[in-house]
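# Chains, contacts and geometry: an overview
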Amino acid sequence: MIGICKHIILTLKHKYFVFVNAMHLGIPWRGVIHDLSKFSLEELLPSGKYYQGIQSPQVLERNDNDDYSRVSVHHVGRNKHHWQYWVDYRQTNTLVYCIPYTYAMEYVCDSLAASRVYGGKDVAKDNAYQYFVNYADKCLIHPSIKRFIASCLKEYSVNGFDGLTREYTRKVYDECAGMYPRVIRIPTNTTGLEWERV
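Worth saying up front: this structure is predicted, and the values here are computed from it rather than measured.

Conventions and cut-offs
Each residue is numbered by its place in its chain's sequence as written, counting from 1. Note on the predicted model: pLDDT of at least 70 is required for a residue's local features to be given, and 80 or more for side-chain atom pairs to be given and counted; whole-chain, interface and lining totals, by contrast, use all residues. No hydrogens and no water enter the side-chain calculation; it runs on all heavy atoms of the structure. A side-chain nitrogen of Lys or Arg and a carboxyl oxygen of Asp or Glu constitute a salt bridge if their distance falls within 4 Å. Each helix is a run of H or I in the DSSP string that is no shorter than four residues. Each strand is a run of E no shorter than two, and both are numbered from the N terminus. Note on classification: 1.4 Å probe, protein chains only; a residue is buried when its accessible area is under 20% of the maximum for its type, exposed when over 50%, partly exposed between these limits. Contact between two residues is taken to exist if any of their heavy atoms lie within 4.5 Å; hydrogens are not considered. The definition used for a disulfide is geometric: two cysteine sulfur atoms within 2.5 Å. Detection works on a 1 Å grid of protein atoms alone, calling trapped sets that fit a 1.4 Å probe cavities and calling open sets with protein on both sides within 12 Å along at least five of seven lines pockets, with lining residues defined by an atom within 4 Å of a point. Grid points are joined across faces, edges and corners, and a volume is the space filled by probe spheres set on the points. In this classification, the charged set is Asp, Glu, Lys and Arg, the nonpolar set is Ala, Val, Leu, Ile, Met, Phe, Trp, Tyr, Cys and Pro, and all remaining amino acids, among them Gly, are polar. For Phe, Tyr and Trp, rings pair up if their centres lie within 6.5 Å, where Trp contributes its six-membered ring, and each pair is then called stacked (planes under 30 degrees apart), edge-to-face (over 60) or tilted (otherwise). Here the rule is simple: two strands pair whenever DSSP picks up at least two bridges between them. Every angle, taken between N-to-C directions, lies between 0 and 180 degrees, and every axis is a line fitted to C-alpha atoms, over only the stretch in contact when it is a helix.

## Section: the pattern of salt bridges
The full count for this structure, using the stated rule, is 6 salt bridges. Between lysine 38 and aspartate 35 there is a salt bridge whose closest N-O contact spans 3.3 Å. Here aspartate 137 and lysine 146 are joined by a salt bridge, their closest N and O atoms 3.6 Å apart.

Here you go:
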């Protein structure tokens, strides 16, 4: 029960920072409804069990269950700001979709909030950018979105929210989205990680 309570407090703290970020970036409603599935029993009970306070409970849940996280599967299937939501696995190929602008912006808000929650108030401004660059190449994130998220997080690391104006983010999104097809098809016999690096 203590783990559940601590997880709720941490989730509320994270949602608060996402909301503040979403206000800065012009998508306040996404900040309000961000990660509501974390309060469902399917996510809340295992997250309480595996709560640590220094990283996602999914890490320990995976360690305990042959790298499988029930929380992760439930969560990413209900939250469109996660890249996994936009990947469709088929028998002959995997389809990777370009995340729409609003959800990509929510991803930026989420990354910055997670950096703040787990890194503390004195976390370096480039923490979210460095984490994303190290993480993105291990994932099936659409290459346009990799470029867009990296650009936004890099801009934030230099100029904070002053640099992330609606005009800037929309322009960068449109430029990045125009570089690749909206849907990338990856044959099942490849890893999909041969895309251009961020």
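Still more to cover.
## Structural notes on the environment of tyrosine 50
Topologically, tyrosine 50 is positioned in the loop between α3 (41-49) and α4 (57-64). Note on tyrosine 50: relative accessible area 9%, which makes it buried. Measuring from C-alpha to C-alpha, the distance between tyrosine 50 and arginine 62 comes to 9.8 Å, with 12 residues separating the pair along the chain. Sequence-distant contacts of tyrosine 50, that is, excluding residues within four places in its chain, are made with Pro57, Leu60, Glu61, Asp64 and Asn65.

## So, the state of the cysteines
Applying the stated criterion across every chain, the model contains 0 disulfides. Cysteine cysteine 109 remains unbridged, with the sulfur of cysteine 152 as its closest cysteine sulfur at 9.6 Å. Here cysteine 139 stays unpaired: no disulfide links it, and the sulfur of cysteine 98, its closest cysteine neighbor, is 16 Å away.

## Observations concerning the layout of surface pockets
Approximately 1,300 Å³ is the volume found for the largest pocket. Taken together, 42 residues form the lining of the largest pocket, with Ser56, Gln58, His82, Tyr131 and Tyr135 sitting closest to its centre. For the lining of the largest pocket, the secondary structure elements donating two or more residues are α1 (2-24), α3, α4, α5 (70-76), β1 (87-89), α6 (101-119) and α7 (127-136). Here the lining of the largest pocket gets 8 residues from one element, more than from any other, and that element is α6. In the lining of the largest pocket, the residues fall into 20 nonpolar, 16 polar and 6 charged. Considering only enclosed or pocket space, the second largest pocket measures out at about 230 Å³ in volume. Considering the residues around the second largest pocket, the lining is formed by 14 residues, among which Asn21, Leu112, Arg116, Val123 and Tyr156 are closest to the centre. Sorting the residues of the lining of the second largest pocket by element identifies α1 and α6 as the ones contributing at least two each. For the lining of the second largest pocket, the leading source of residues is α6, giving 4 residues. Of the residues assigned to the lining of the second largest pocket, the class counts are 9 nonpolar, 2 polar and 3 charged.

## What to know about the packing of aromatic side chains
Considering all chains together, one arrives at 9 aromatic pairs under this definition. When the centroid spacing of 6.1 Å and the interplanar angle of 35 degrees are considered together, the rings of tryptophan 86 and tyrosine 103 count as tilted. Note that tryptophan 86 is positioned in the loop between α5 and β1 and tyrosine 103 in helix α6, a separation of 17 residues in sequence. Between phenylalanine 148 and tyrosine 173 the ring centres are 5.3 Å apart and the planes differ by 90 degrees, which places this aromatic pair in the edge-to-face class.

## Points about the sheet that holds β1
Read from one edge to the other, the open sheet built from 3 strands follows the order β1-β2-β3, with strand pairing classed as antiparallel. Edge positions in the open sheet fall to β1 and β3 (183-187), since each of these has one partner strand only. When the angles between neighbouring strand axes are averaged without regard to direction, this sheet yields 20 degrees. Sheet analysis places strand β2 (residues 93-97) next to β3, joined by 5 bridges and oriented antiparallel. Among the inter-strand pairings, threonine 94 is bridged to a residue of β3, identified as isoleucine 186.

By themselves these figures say nothing about function.
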